[in-house]
Amino acid sequence: MSISLKNIGKSYGAVKALSNISFDVKQGELFGLIGPDGAGKTTLFRILTTLLFPDNGEAKVSGYDIIRDFKDIRSHVGYMPGRFSLYQDLTVEENLNFFATIFGTTIAENYDLIKDIYEHIEPFKDRRAGKLSGGMKQKLALSCALIHKPRVLFLDEPTTGVDPVSRKELWEMLKRLQQKGITILVSTAYMDEASLCDRIALIQDGTILKIDRPQVIIDTFPSKIYNVKADSTYRLLQDLALYPDTHSVYPFGEYSHFTSADPDFKPSDLMRFLQEKQHSGIEVSETPATIEDAFMELSKASELIDN
Amino acid sequence: MKRFRGFVIKEFYHIFRDKRTLVILFGMPIVQILLFGYAVTNEINNVDLAILDKSKDAETQKIIHDIAASKYFKISDILEDEGQIEAIFKKGKVKAVLVFAPNFDKDLITNGSAGVQIVTDATEPNVANSVSNYLSSILQKYQTDINKAITIPYQIVPETKMYYNPELKSVFMFVPGIMTVILMLVSAIMTSISITREKEMGTMEILLVSPLKPHQVILGKVFPYVFLAIINAIVILALGFFVFKMPVQGSYFLLALESILFIFSALSLGILISTISETQQTAMMTSLMGLMLPTILLSGFIFPISSMPVALQVISNIIPAKWFIILIKGILLKGVGIVVLWKETVVLLFMILLFIGVSIKKYKIRLE
């Protein structure tokens with residue numbers, strides 16, 4: 001196992017940031033930590049990169065204990081914090097050179113590993129890092145995190161604040177890095193990125209809701225999901241909540257995602273109900289589940305347990 | 001070693017890219033030295049003096065002539081009666097009035113004594129004091145001159161001799177003092193914000209998740225600033241030497257060595273502050289408040305330590321500036337060597353080790 005956690009918990013005063021987190025990440029796996037802001041993703045990253053002590057539980061990264069062998073971990077992992085954390089007053093090349101030097105290597109030595117990524121920003125190598133665009137900053141940060149050939153790469157929300165094209169490029173880069181045998185733990189609040197990971201852990205309020213392959217999570221979604229649309233979206237949501245058989249309903253882009261508590265649910269019944277409520281332009285059609293649906297379903301279930 | 005060098009190079013980039021700070025760093029010492037050297041002085045020159053001469057005879061004319069001939073006074077007004085004295089002080093320009101009693105020469109010759117009064121504007125006590133002293137000594141000299149022919153029995157004439165600063169130039173006191181204050185401030189402020197900046201910018205998070213060791217980070221931060229502070233010291237000493245004719249009686253080598261020692265102590269103090277502060281602002285305020293006032297007030301730069309209350313005398317011992325002022329005055333003015341100054345040197349050395357040691361210990365290797 002490249003990363004393994006057992007019952008990791010962490011509180012900040014009275015606030016429980018993480019409780020009983022356990023999972024394993026295999027060598028060379030691209031593992032995603034999916035959850036909204038404040039779910040505890042950053043705290044978990046900081047515990048695994050030895051920046052914070054857990055309150056309880058134990059964890060190993062690349063075979064090293066996060067508390068006892070913190071020095072080994074620090075030399076063998078690459079870490080890219082959520083906030084852009086390079087030297088803004090240093091140029092692209094100087095930043096990269098600095099990180100190569102403090103890890104006791106050179107750019108030339110590991111150039112093949114970062115070539116793919118660095119090529120994108122090499123034309124701007126004399127530009128100050130603070131003057132780069134969001135996407136270029138992340139590419140530089142990734143290059144710096146990779147320059148010492150880490151065994152495990154920790155990327156905390158690498159695509160937040162990045163344009164869609166650069167986001168896509170970043171994920172392609174991660175896929176290629178994975179092929180070079182690097183274990184990658186990546187977090188994101190974007191549910192659509194989850195399907196790009198080998199396995200994901202859905203996390204909310206410091207607890208893990210589910211861990212599995214994204215496709216399995218989608219396939220095992222318990223009920224049918226319907227895309228419902230009407231001219232007045234706001235009124236539609238209110239009325240759907242009033243429908244007696246409604247199990248869940250929440251907005252999803254231009255549609256509302258609807259699931260029924262009744263196993264024999266017929267879309268025509270719902271349409272009739274909505275027509276009675278004076279809706280116009282009604283559409284009801286079945287749609288495949290997404291990670292977001294699974295997340296909403298699971299977080300609803302966990303809230304029920306909490307209450 | 002390579003890692004350390006890479007870190008130091010990075011620090012130099014930060015320093016040289018921040019042009020505004022550089023200008024302040026090197027501009028401040030020059031401006032301060034020139035200001036203190038020229039403007040802030042206890043000596044008096046061309047003080048405006050008014051004369052109220054009720055006698056108007058040959059003797060008073062001679063005395064007035066003597067006063068006017070000195071570079072210390074400028075006779076700017078002649079008054080007619082006492083009522084005008086306060087009026088002229090209130091205008092503010094004239095700092096002193098010399099009043100001769102009526103029949104000055106007659107009294108002097110017939111009675112052997114004559115009335116003269118010095119009236120000063122004591123809103124500035126130092127000036128009033130100096131003016132009164134200077135005027136008295138001019139009158140004294142005149143008296144000695146007229147008594148030349150006569151031998152006075154039983155006379156005590158003290159012969160004062162001022163060692164090390166015979167002209168009592170205040171700039172000799174200000175150059176070492178300002179050098180101490182500036183080196184302390186510049187070094188401490190510069191380094192105190194350097195580690196907190198990494199914390200604020202989030203780069204500390206990456207530095208921690210790297211094989212860099214605490215001592216590499218701390219020494220790597222101190223190292224580049226030593227060069228800047230040495231340049232500062234050289235600029236200050238050169239200004240003192242060439243512009244104010246400050247002597248260097250002792251060895252240049254020892255001077256350089258002790259200055260570097262003091263610079264290290266100030267830098268390590270700055271580092272210590274930055275390891276315990278979370279933001280650049282706290283670090284800067286701490287170094288300004290916590291270091292500037294004691295360095296100016298308790299180091300013996302302006303106020304002699306021997307006349308302080310015992311409690312403050314004890315506190316003054318923990319201020320590096322106190323020891324450096326003793327060292328630098330000793331070297332510059334008295335020309336003494338390490339044989340005399342070893343104690344102060346050891347104290348500074350001990351302080352450096354202490355500050356660096358505590359900084360390394362206090363340096364957080366985690367985020368909490």
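Residues numbered from 1 in each chain as written. Chains lettered and ligands numbered in written order. Predicted model: local features only at pLDDT ≥ 70, side-chain atom pairs only at ≥ 80, totals over all residues. Heavy atoms only, no water.

**Section: the overall build of chain B**
What counts here: We count a stretch as a helix when DSSP gives it H or I for four or more residues in a row; a strand needs E for two or more, and each element gets its number in order from the N terminus. The globule rule used here is 2.2 Å times the number of residues to the 0.38 power, and the radius of gyration it is set against is calculated over C-alpha atoms. Any residue under 20% of the maximum accessible area for its type is buried, any over 50% is exposed, and the rest in between are partly exposed; the area is computed with a 1.4 Å probe on protein chains only. In this description, contact between two residues means that some pair of their heavy atoms is separated by no more than 4.5 Å. Shrake-Rupley sampling with a 1.4 Å probe provides the accessible areas, and residues are treated as covered by the protein chains on show and by no other component. Only four residue types enter the tally: Lys and Arg on the positive side, Asp and Glu on the negative side, with His and both chain ends excluded. Working definition for charges: the position is that of NZ of Lys, CZ of Arg, CG of Asp or CD of Glu.
Helix and strand content of chain B: 14 helices and 4 strands. Expected size for 368 residues packed as a compact globule is a radius of gyration near 21 Å; at 28 Å, chain B overshoots this value by more than 25%. Seen through its C-alpha atoms, chain B measures out along the principal axes to roughly 95 × 45 × 40 Å. Looking at chain B as a whole, 44% of its 368 residues qualify as buried. Put simply, of all contacts in chain B between residues at least 6 apart along the chain, 78% involve residues at least 24 apart. In the structure as shown, chain B presents an accessible area of about 19200 Å², 65% of it carried by carbon and sulfur atoms. On chain B, the mean spot of the 34 positive side-chain charges and the mean spot of the 27 negative ones are 16 Å from each other.

**Concerning unusual backbone geometry**
The residue Asn 20 of chain A is not glycine, and still its phi comes out positive at about 50°. Along the polypeptide, Asn 20 of chain A turns up in strand 2 (residues 15–25). You can call Asn 20 of chain A exposed: its relative accessible area is 54%. Even without a glycine there, the phi angle at Asn 103 of chain B is positive, about 55°. Looking at the element boundaries, Asn 103 of chain B is found in the loop between strand 3 (96–100) and helix 5 (104–110). For Asn 103 of chain B, a relative accessible area of 42% gives the class partly exposed.

**Considerations on the pairing of strand 12 (residues 246–252) of chain A**
Residues and elements named next belong to chain A. Definition in use: Two strands qualify as a pair provided that DSSP identifies no fewer than 2 bridges between them.
In this sheet, strand 13 (residues 255–260) lies alongside strand 12 in antiparallel orientation, the contact comprising 6 bridges. The partner of Ser 248 across the bridge, within strand 13, is Thr 259. Connecting the antiparallel pair strand 12 and strand 13 is a turn made up of 2 residues, with Gly 253 showing a positive phi of about 60°.

**Brief notes about the sheet that holds strand 1 (residues 3–12) of chain A**
Residues and elements named next belong to chain A. Applied cut-off: The convention used is that axes are lines fitted to C-alpha atoms, helices contributing only their stretch in contact, and that angles between N-to-C directions extend from 0 to 180 degrees.
One open sheet holds the 4 strands; their spatial order is 2-1-4-5, and the pairing between them is antiparallel. In this open sheet, the two edge strands, each paired with only one partner strand, are strand 2 and strand 5 (64–65). Here 2 bridges tie strand 4 (residues 56–61) to strand 5, and the two strands are oriented antiparallel to one another. Residue Lys 60 lies in a different strand from strand 5, and its bridge partner there is Asp 65. Strands strand 1, strand 2 and strand 4 of the sheet are contacted by helix 1 (residues 41–48), whose axis makes an angle of about 120° with strand 1.

**Topic: the interface of chain A and chain B**
Many analyses report the size of an interface as the accessible area lost when the parts associate. Stated precisely, the cut-off is as follows: Joining two parts hides part of their accessible area as seen by a 1.4 Å probe, and the buried area is that hidden amount summed over both. Think of a salt bridge as a Lys or Arg side-chain nitrogen and an Asp or Glu carboxyl oxygen that are within 4 Å of each other. Definition of a polar contact: a pair of N or O atoms within 3.5 Å, with one able to donate and the other able to accept a hydrogen when the atoms are protein atoms, and with sequence-neighbouring residues admitted only if both atoms are side-chain atoms. In this count, Pro and Cys sit with the nonpolar residues alongside Ala, Val, Leu, Ile, Met, Phe, Trp and Tyr, while Asp, Glu, Lys and Arg are called charged and the others, Gly among them, polar.
Each side of the interface is counted separately: chain A has 32 residues, and chain B has 25 residues. Here chain A packs against chain B, burying approximately 2700 Å² in sum over the two surfaces, 61% of which is carbon and sulfur. Three residues stand out in chain A for area buried against chain B, namely Leu 51, Arg 74 and Ile 102 of chain A, and they jointly supply 22% of the buried area on that side. Connecting chain A to chain B are 2 salt bridges. Arg 17 of chain B is the partner of Glu 94 of chain A in a salt bridge, and the nearest nitrogen-oxygen pair spans 2.8 Å. The interface formed by chain A and chain B includes 15 residue pairs in polar contact (both at pLDDT 80 or more). Elements that contribute at least two residues to the side of chain A that touches chain B include exactly helix 2 (70–76), strand 6 (77–80) and helix 3 (92–102) of chain A. Its residues placed into classes, the side of chain A that touches chain B shows 17 nonpolar, 8 polar and 7 charged.

**Things to note about the packing of helix 1 (residues 2–17) of chain B against helix 9 (residues 214–242) of chain B**
Residues and elements named next belong to chain B. Here is the rule we go by: Any angle from 65 to 115 degrees is called roughly perpendicular, while one under 35 is roughly parallel, one over 145 is roughly antiparallel, and all others are oblique. Should the near helix be turned anticlockwise from the far one by less than a right angle, the crossing is termed left-handed; should it be turned clockwise, right-handed.
At a closest axis distance of 9 Å, the pairing of helix 1 and helix 9 adopts a crossing angle of 50°. Classified by the interaxial angle, the pair formed by helix 1 and helix 9 is oblique. Both helix 1 and helix 9 take part in a crossing whose hand is right-handed. For the pair helix 1 and helix 9, contact is made by Arg 3, Phe 4, Phe 7, Val 8, Lys 10, Glu 11, Phe 12 and Ile 15 and by Gln 216, Val 217, Leu 219, Gly 220, Lys 221, Phe 223, Pro 224, Tyr 225, Phe 227 and Leu 228, respectively. Among the residues making up the contact of helix 1 with helix 9, the classes are represented as 12 nonpolar, 2 polar and 4 charged.

**Remarks on the packing of helix 7 (residues 171–201) of chain B against helix 9 of chain B**
All names here are of chain B. Interaxial distance between helix 7 and helix 9 falls to 10 Å at its minimum, and their mutual angle equals 155°. Accordingly, the angle class assigned to the pair helix 7 and helix 9 is roughly antiparallel. Between helix 7 and helix 9 lies a crossing of right-handed hand. For the pair formed by helix 7 and helix 9, the contact residues are Val 175, Met 179, Ile 182, Leu 183, Val 186, Ser 187, Met 190, Thr 191, Ser 194, Ile 195, Arg 197 and Glu 198 on the first element and Ile 218, Lys 221, Tyr 225, Leu 228, Ala 229, Asn 232, Ala 233, Ile 236, Leu 237 and Gly 240 on the second. Here the residues of the contact of helix 7 with helix 9 are counted per class, giving 14 nonpolar, 5 polar and 3 charged.

**Quick look at the domain arrangement of chain B**
Under the convention used in this document: Throughout, the edges of the domains are those of an automatic or database domain assignment.
When cut into domains, chain B gives domain 1 (2–40 + 169–362) and domain 2 (47–146). Between the C-alpha centres of domain 1 of chain B and domain 2 of chain B there is a distance of 48 Å.

**Side note on the sheet that holds strand 3 of chain B**
Residues and elements named next belong to chain B. Taken in spatial order, the 4 strands make up an open sheet running 2-1-3-4, and their pairing is mixed. In this open sheet, the two edge strands, each paired with only one partner strand, are strand 2 (73–79) and strand 4 (116–120). Geometrically, the sheet is characterised by an average inter-axis angle of 25° between neighbouring strands, direction not taken into account. Relative to strand 4, strand 3 is paired through 5 bridges, and the arrangement is antiparallel. Counted as the bridge partner of Val 99 is Gln 117 from strand 4. Along the sheet, helix 6 (residues 125–146) contacts strand 1 (47–53), strand 2, strand 3 and strand 4; its crossing angle with strand 4, the most-contacted strand, is approximately 160°.

**Considering helix 1 of chain B**
Worth spelling out the cut-off: By this rule the span expected of a helix is its residue count minus one, scaled by 1.5 Å.
The end-to-end C-alpha distance of helix 1 of chain B is 23 Å, a good match for the 22 Å that 16 residues give at a rise of 1.5 Å each. Within the span of helix 1 of chain B, buried status applies to Phe 4, Gly 6, Phe 7, Val 8, Lys 10, Glu 11, His 14 and Ile 15 of chain B. Those residues of helix 1 of chain B that are buried lie in contact with helix 3 of chain A together with helix 2 (19–39), helix 7, helix 8 (203–208) and helix 9 of chain B.

**Side note on the environment of Tyr 243 of chain A**
Residue and element names in this part refer to chain A. With respect to the secondary-structure elements, Tyr 243 resides in the loop between helix 8 (233–242) and strand 12. Along the backbone, Tyr 243 and Ala 230 are 13 residues apart, and their C-alpha atoms lie at a distance of 15 Å. Beyond its immediate sequence surroundings of up to four residues, Tyr 243 is in contact with Phe 258, Phe 265, Asp 269, Leu 270 and Phe 273.

**Quick notes on the pattern of salt bridges**
Residue and element names in this part refer to chain B. Enumeration over the complete set of coordinates arrives at 27 salt bridges over all chains. For the salt bridge of Glu 198 with Lys 10, the shortest nitrogen-to-oxygen distance reads 2.5 Å. Residue Glu 198 is found in helix 7, and its partner Lys 10 is found in helix 1; the two are separated by 188 residues along the sequence. On the accessibility criterion, Glu 198 (3% relative accessible area) is buried. In this structure Lys 10 comes out as buried when scored by relative accessible area, which is 2%. Put simply, Lys 10, Glu 11, Glu 198 and Lys 221 are held in one network by salt bridges that share partners.

**Considerations on the pairing of strand 11 (residues 225–229) of chain A**
All names here are of chain A. Counted residue by residue, strand 11 has 4 buried out of 5 residues, so it is predominantly covered. In terms of strand pairing, strand 11 meets strand 14 (residues 283–287) through 5 bridges, oriented antiparallel. The residue bridging Tyr 226 from the neighbouring strand is Glu 286, located in strand 14. Pairing analysis gives 3 bridges linking strand 11 to strand 13, with the strands arranged antiparallel. Bridge pairing in strand 13 links Asn 227 to His 257.

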